[in-house]
Amino acid sequence: MSLFQKKTVEHSQNFTLGNAKTLVIVGLGNLGKEYDKTRHNIGFDCLDALRDSQTEFIPWQVKKNLFCIESTGSFGDTKVILIKPTTFMNESGKSIRTVLDYYKLPVSSLTAVHDELDIVFGQIRTRAGGSSAGHNGIKSITNQIGAEYGRVRIGILGIKPTEMDTADYVLAKFSSEELKNLSLLKREVQSILIELIYRRELYPDTRNFL
């Protein structure tokens, strides 16, 4: 899927625990100013953009007991929980496990939005299940709950200096040229997630991205 092609309102939080139409969408990233606009934080950035674009979502709230920042919203009968873990990336699974247990939701209700170094910048791929491809946040989630959850994989590979370590590269800022297209990339991710939300409304038993 290419970059240019698609593959304040008051709300009450009235969730039915374990409801088949409840979705949890997690954006992966690291908290802290030093991580803003870095490649590894694209998951956080995309969730911020989604929340800001849909009036159904309430403002972000810190949930210390769930190890995350959370926003919730209702789309018809579908309840959507957005979360940004407050753990560091490598311990994202701790937050996800706690959230799913708290809301009594199955692994199939989860979709993770994250950076993917094996995919070039501007491409987005979706799937359910699969390996971590070396992504420590995904590895942590899979270790906690298994691999059968949805993924929105956002390409971050640009022109990587040969001498730069991979860990340093993913924590680096996007280039000025990439920043020009970043808002468009985030809109593409929004479209994918909104489609997922409304598809869950129509087909609550459908597995994510299959």
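Residues numbered from 1 in each chain as written. Predicted model: local features only at pLDDT ≥ 70, side-chain atom pairs only at ≥ 80, totals over all residues. Heavy atoms only, no water.

## Brief notes about the side chain of aspartate 45
Position of aspartate 45 among the secondary structure elements: in helix H1 (residues 42–53). Buried charge without a partner: aspartate 45 forms no salt bridge, and the closest opposite charge is lysine 37, 4.9 Å away. Leave out the neighbours within four places in its chain, and aspartate 45 touches Lys37 and Lys186. (Helix = DSSP H or I, 4+ residues; strand = E, 2+ residues; numbered from the N terminus. Buried < 20%, exposed > 50% of the residue type's maximum accessible area, 1.4 Å probe, protein only. Lys, Arg positive; Asp, Glu negative; His and termini not counted. Salt bridge = Lys/Arg side-chain N within 4 Å of Asp/Glu carboxyl O. Contact = heavy atoms within 4.5 Å.)

## Points about the pairing of strand S7 (residues 150–157)
Extensive coverage of S7 is indicated by the burial of seven of its eight residues. Inspection of the sheet shows strand S5 (residues 110–120) paired to S7 by seven bridges, in the parallel sense. Residue pairing for S7: histidine 114 is matched across the bridge by arginine 153. Note: strand S6 (residues 124–128) against S7, five bridges, orientation antiparallel. The residue of S7 that forms the bridge with isoleucine 124 is isoleucine 154. (Pairing = 2+ DSSP bridges.)

## Concerning the environment of leucine 28
Mapped onto the secondary structure, leucine 28 falls in the loop between strand S1 (22–27) and H1. Taking the C-alpha atoms as reference, leucine 28 lies 7.4 Å from serine 92; in sequence the two are 64 residues apart.

## Points about the confidence of the model for the protein
Detailed reading of the predicted coordinates is not advisable wherever pLDDT is low. Of the residues in the protein, 86% reach a pLDDT of 70 or more, and the chain-wide mean stands at 87. Per-residue pLDDT stays below 50 along residues 1–15; that stretch engages in 36 contacts with residues further than four places along the chain or on separate chains. (pLDDT = per-residue confidence, 0-100.)

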